[in-house]
Amino acid sequence: ATTQPDNITPPPDYRFVRIDDLSDVTASEDGGADIDAVVLDKGDGSLIYASSVEAAQHGGIDGLQLDPTDILGAPDAFFEYPDLTNCAVDDGFMSLGGTGGFVVVRMDGLMETGDTLTVLEVGGCTWSGGEAFVEEVQVSISVGSEPTGTWLNLGSSIGPDAAFTIPSL
């Protein structure tokens with residue numbers, strides 16, 4: 001076994017992603033930002049998905065899909081991911097419910113500098129009622145799962161794919 005010298009601190013283990021709904025929508029079936037999946041694209045091309053929900057708060061706007069576990073695992077709406085051209089959704093996503101809504105998920109692997117983290121928001125996807133609205137989300141990462149903890153803000157984006165390169169951690 002190798003040991004590290006006393007003066008070297010190992011990098012922190014970034015495993016948690018927080019997604020905040022920044023949409024300011026009125027009551028509708030759409031219910032704010034609708035998250036299909038969270039995907040970590042590693043430098044070697046492998047894909048890692050969110051594996052558990054650590055915290056969630058609904059923003060209060062009506063929505064039909066309120067189960068946060070629907071965003072775990074591989075994408076449902078973007079069934080040919082990473083190709084985003086075909087998207088159909090009638091289930092398998094979570095409506096965050098507008099401003100104030102958020103979800104914190106744990107990734108099944110560590111986020112490292114240069115990896116790409118993508119939050120798939122189903123805006124623009126077709127569904128039995130028409131086409132989903134495109135909504136804005138803010139994405140942050142952390143070494144801890146506490147919603148009130150210390151978060152590194154990666155930025156905000158308007159769906160369908162909010163993709164961010166993990167900076168030097």
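Here, every reference points to the structure presented above.
Presented here is a report on the structure given in the accompanying data block. Computed from a predicted model, the values in this text were never measured in an experiment.

1. Let's talk about the environment of S156
With respect to the helices and strands, the residue S156 is situated in strand β10 (residues 152-158). According to the relative accessible area criterion, S156 is partly exposed, its value standing at 39%. S156 has contacts with L22, E136, V137, Q138 and F164, leaving out every residue within four places of it along the chain. A distance of 3.1 Å separates polar atoms of two side chains, one belonging to S156 and the other to E136.

2. Focus on the nonpolar core
Counting residues in each nonpolar core, the largest one holds 25 residues, and the members touching the most others are V17, I19, V38, M107, M111 and L117. Elements represented by at least two residues in this core include exactly β1 (14-21), β2 (34-41), β3 (47-57), β5 (102-111), β6 (116-121), β9 (136-142) and β11 (161-165). Sort the elements by how many residues they give to this core and β5 lands first, with four residues. Once you skip the residues sitting within four places of it in the chain, I19 turns out to touch I35, V38, L96, G101, F102, V103, V119, V137 and Q138. Listed in part, the 12 residues of the second largest apolar core include F78, Y81, C87 and V122.

3. Looking at unusual backbone geometry
Between Y81 and the following residue, P82, the backbone shows a cis peptide bond with an omega angle of 15°. Tracing the backbone through its elements, the reader meets P82 in the loop between β3 and β4 (94-95).

4. Some words on the pattern of salt bridges
All chains considered together, the criterion is met by three salt bridges. Ionic pairing is found between D20 and R18, a salt bridge with its closest N-O pair at 2.8 Å. Taken as a pair, D20 and R18 share a single burial class, namely buried. We note a salt bridge from D115 to K42, for which the minimum N-O separation is 2.7 Å. Of this pair, D115 sits in the loop between β5 and β6 while K42 sits in the loop between β2 and β3, and the two are 73 residues apart along the sequence. Comparing D115 with K42, the two get one shared label, buried. Several salt bridges converge on common partners, so that one network encompasses K42, E112 and D115.

5. A word on the state of the cysteines
With the rule as written, the count across this model stands at one disulfide. What pairs with C87 in a disulfide is C125, and their sulfur atoms sit 1.5 Å apart. Negative torsions about the S-S bond denote left-handed disulfides, and the value of about 80° found for C87 with C125 makes this one right-handed. A residue pair is termed long-range when its members are at least 10 positions apart, and C87 in the loop between β3 and β4 and C125 in the loop between β6 and β7 (126-127) qualify at 38 residues. Given a relative accessible area of 14%, C87 falls into the buried group.

The rules behind the values
Residues numbered from 1 in each chain as written. Predicted model: local features only at pLDDT ≥ 70, side-chain atom pairs only at ≥ 80, totals over all residues. Heavy atoms only, no water. Helix = DSSP H or I, 4+ residues; strand = E, 2+ residues; numbered from the N terminus. Buried < 20%, exposed > 50% of the residue type's maximum accessible area, 1.4 Å probe, protein only. Contact = heavy atoms within 4.5 Å. Polar contact = N/O pair within 3.5 Å; in protein donor to acceptor, adjacent residues only side chain to side chain. Core = buried A, V, L, I, M, F, W, Y, C linked by side-chain atoms within 4.5 Å. Salt bridge = Lys/Arg side-chain N within 4 Å of Asp/Glu carboxyl O. Disulfide = S-S within 2.5 Å.

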